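Read off the chains here:
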Amino acid sequence: MSFLSLKNVSKRYGSSLAVENFNLNVEQGEFISFLGPSGCGKTTTLNMIAGFEEPTTGSIEINGKDVTNTAPNTRDIGIVFQSYALFPHMTVAENVGFGLEMRGIHKEDRRQRVMETLNLVRLTQLADRFPKSLSGGQRQRVALARAIVIKPQLLLLDEPLSALDAKIREKMQMELRNIQHEVGVTTILVTHDQAEAMAMSDRIAVMNFGRIARLGAPFEIYEKPGDRFTSNFLGSTNMFDGEVSEQSGDMVVVNCNGVELSVHGKGTKGSGITVGVRPEKIELVGAGLGIIDAKIKTRIFLGTSWAYQLESSLGALDVTLQNTGHEVAGEGAVVGIAWPSDAIRIFAEG
Amino acid sequence: MKRSISPYLLSGPAVLIFLVMLAVPMIMTFILSFKSFGFYTGVTPDYGWHNYIEVVTDSYFHEIFFRTYAISAGVTFLCALIGVPEAYILSRMTKAWRSMCLLAILGPLLISVIVRTLGWALLIGNSGVINDALLLLGVIDEPLKMMYTTQAIVVALVHVLVPFMVLSVWTTLQKLDPQVENASISLGASHFTTMHRIVLPQIMPGILAGSLIVFALTASAFATPSILGGRALKVVATTAYDEYLNTLNWPLGAAIATILLIANIVVVMSYNKYVERKYASVFD
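All of these numbers come straight from a predicted model, not from anything done at the bench.

1. Focus: the overall build of chain A
Within chain A, the regular secondary structure consists of 8 helices and 20 strands. With the C-alpha coordinates of chain A rotated into their principal frame, the extents come out at 75 × 50 × 35 Å. A buried classification covers 40% of the 350 residues belonging to chain A.

2. Considerations on the interface of chain A and chain B
If you look at the interface, chain A gives 19 residues, while chain B gives 18 residues. Among the elements that line the side of chain A that touches chain B, the one with the most residues is helix α2 (residues 92-102) of chain A, at 3 residues. Looking at the side of chain A that touches chain B, its residues break down into 13 nonpolar, 4 polar and 2 charged.

3. A look at the sheet that holds strand β1 (residues 4-13) of chain A
Residues and elements named next belong to chain A. Strands sit in the order β2-β1-β4-β5 across an open sheet of 4 strands; the sheet is antiparallel. Edge positions in the sheet fall to β2 (16-26) and β5 (65-66), since each has one partner strand and no second. Sheet topology note: the β1/β2 ladder contains 7 bridges and is antiparallel. In the strand pairing of β2, L6 is matched with L24. Sheet contacts for helix α1 (residues 42-50): β1, β2 and β4 (57-62); angle to β2, the most-contacted strand, approximately 60°.

4. Observations concerning the pairing of strand β12 (residues 251-256) of chain A
Residues and elements named next belong to chain A. Side chains of β12 alternate between two faces, with V252, V254 and C256 buried and M251, V253 and N255 left unburied. With 5 bridges joining them, strand β11 (residues 238-248) and β12 adopt antiparallel strand pairing. Bridging across to β12, E246 finds its partner in V253. Bridge count for β12 against strand β13 (residues 259-264) is 6 bridges, and the pairing is antiparallel. Considered in β13, the bridge of C256 is made with V259. If you look at the hairpin formed by β12 and β13, you'll find 2 residues sitting between the two strands, and N257 has a positive phi there, around 50°.

5. Some thoughts on the confidence of the model for chain B
Residue and element names in this part refer to chain B. Across chain B, the average pLDDT comes to 90, with 98% of residues at or above 70. Averaged pLDDT values over the elements of chain B bottom out at 86 in strand β2 (residues 42-44) and peak at 95 in helix α3 (residues 59-91). For this predicted complex, the interface confidence score (ipTM) comes to 0.83, while the overall pTM stands at 0.82.

6. Topic: the domain arrangement of chain A
How big an interface is tends to be expressed through the accessible area that disappears when the partners come together. Per the domain assignment, the segments making up chain A are domain 1 (4-233) and domain 2 (238-347). Here the C-alpha centre of domain 2 of chain A lies 39 Å away from the C-alpha centre of domain 1 of chain A.

7. Section: the nonpolar core
L144, A145, L156, A205 and V206 of chain A are the most contacted members of the largest nonpolar core, which totals 75 residues. When sequence neighbours within four positions are dropped, the list of residues in contact with V206 of chain A reads L35, G36, A213, R214, I221, T230, F233 and L234 of chain A. Membership of the second largest hydrophobic core comes to 47 residues, among which are F164, A219, W250 and A255 of chain B.

8. Structural notes on the sheet that holds strand β16 (residues 292-301) of chain A
Whether parallel or antiparallel, the strands of a sheet pair through hydrogen bonds between backbone atoms. Residues and elements named next belong to chain A. With respect to topology, 5 strands assemble into an open sheet ordered β15-β19-β16-β17-β18, the strand pairing being antiparallel. Edge positions in the open sheet fall to β15 (283-285) and β18 (315-322), since each of these has one partner strand only. The average angle at which neighbouring strand axes cross in this sheet is 45°, direction not considered. Two strands pair when backbone bridges link them, and β15 and strand β19 (residues 334-338) are joined in this way by 3 bridges, in the antiparallel orientation. Of the residues in β19, the one forming a bridge with E283 is A338.

Parameters and conventions
Residues numbered from 1 in each chain as written. Chains lettered and ligands numbered in written order. Predicted model: local features only at pLDDT ≥ 70, side-chain atom pairs only at ≥ 80, totals over all residues. Helix = DSSP H or I, 4+ residues; strand = E, 2+ residues; numbered from the N terminus. Buried ≥ 20, exposed ≤ 12 C-beta atoms within 10 Å, placed from the backbone. Contact = placed C-beta atoms within 7 Å. Nonpolar A, V, L, I, M, F, W, Y, C, P; charged D, E, K, R; others polar. Pairing = 2+ DSSP bridges. Axes fitted to C-alpha atoms, helices over the stretch in contact; angles between N-to-C directions. pLDDT = per-residue confidence, 0-100. Domains from an automatic or database assignment. Core = buried A, V, L, I, M, F, W, Y, C linked by C-beta atoms within 7 Å.

Structure representation (structure tokens):
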């Protein structure tokens, strides 16, 4: 029996289907992310779990109780909103204490729990300030404190870090993850940022067109994305369209624009097929030593890595190399490219 | 550094209009209010505080000032009571409905004050539409007295001044983060508590600004109290008018007008101070 389960949930707005046959089981204490581009239905799904929207069909259960049609203020869910939605006319402590007050908790107990939670998010000294005098990161932590102080059975995070700049965002990812572990609350994160989803989640549900395209642990779905959409949404992938020219054992030989590539998997001879390899799995070797030769079109230094764009008979190729402290081949040079045999994969359409 | 005169030239016409149309008449009214008046002598330049002393000590004027400010307070309260929910509902509407409803709300402002007020007279007069209908239906035996009552003045003023409240509140509602209400509800608050604890405090500056406009406009309203209040139910503005044009006691009329202006300024300024102090810590 899962802690949270969504069964065949669909949401229709007029003639358009925002969420279609959404099925998901979340275990107690799990951190799960809904990852997808805008308009993929991830926020709608979150709103249905929160109770702000009713599913057109299907049911939602939390802790064995059907909550599909219950009011949002009875669901006992903590939510961190994208805009934080702090109450501007209340101090930090009043903001955090609001949920406890609504639960009729006595003033002294309230004060104590508010201070405990503010301590957890390291904001104790700002308890009497108003939200407008806080920085983005501090507001974010107030919003988190306000959501977890009520000890909700479920914590929903709606793009909680998108308004922060890159450095603070990375710090907050760690912090959020640590706090979630400490509190142990079942958490759902909605995000369009794949790095954020991968850094924080136990499992990721990659969503597209109102459906789950891929569900699994971050490492698993990054390495085995399964379809074209997932593989391009999680990192990027060099895709080659070709035709199966031979099947031998567990390998197929794919003819892509005249280049023969060996790939693990199965295919019917003569059928169209798409294979792909991630930029960081490609190695640059001497000309003539690799699978094919390619010409370096552009080379960009990014600090921790080099980003290359190559031209080859397979088409344009993106390659990422770790910066090891040595100067590497420059623009205009011809190099060979190679990859480990298990780095190239077959993709289903989608 | 050479100073440009173009800013002065550009603001010149506006300053000129302001001086000629507003400052000069006001100063002249102010000076006039210190002059004397006799039935046989007319206005004489015997300067003194006697007009002010008359207004301040005569209970006849006390009653008029009290009525004016009671009406102003009542109209302001009713405008807030009607205008706030109206603005809230308006902000939740789809665009097409909103522009239609906005037009309906602003409607009274588009009609000339005389036509609008006489419209009310047609509606609530002794042989007006309402009384005729009620008599015909047998609900009442004789016409209800609605014309020449304070209630009539209040209702008609609320009708025309509500748009100011709606627009003022609506402006602050648009600054409200729509997720704030969901945040409150997710924390276990009911819709009523959310309204009262979260939404209302945040739109308070808009309500207070709207109240200020409504209060000032009511306190200095002339046409509506004059037509619907008649001769007996005087407010300050109609009293000043009567002193000028019926009694021909211009200095006394000028003194009443001056006191009304000063009283309004004092009310508006202290109200504004209060609002700024109360909400400065919370809002940008």
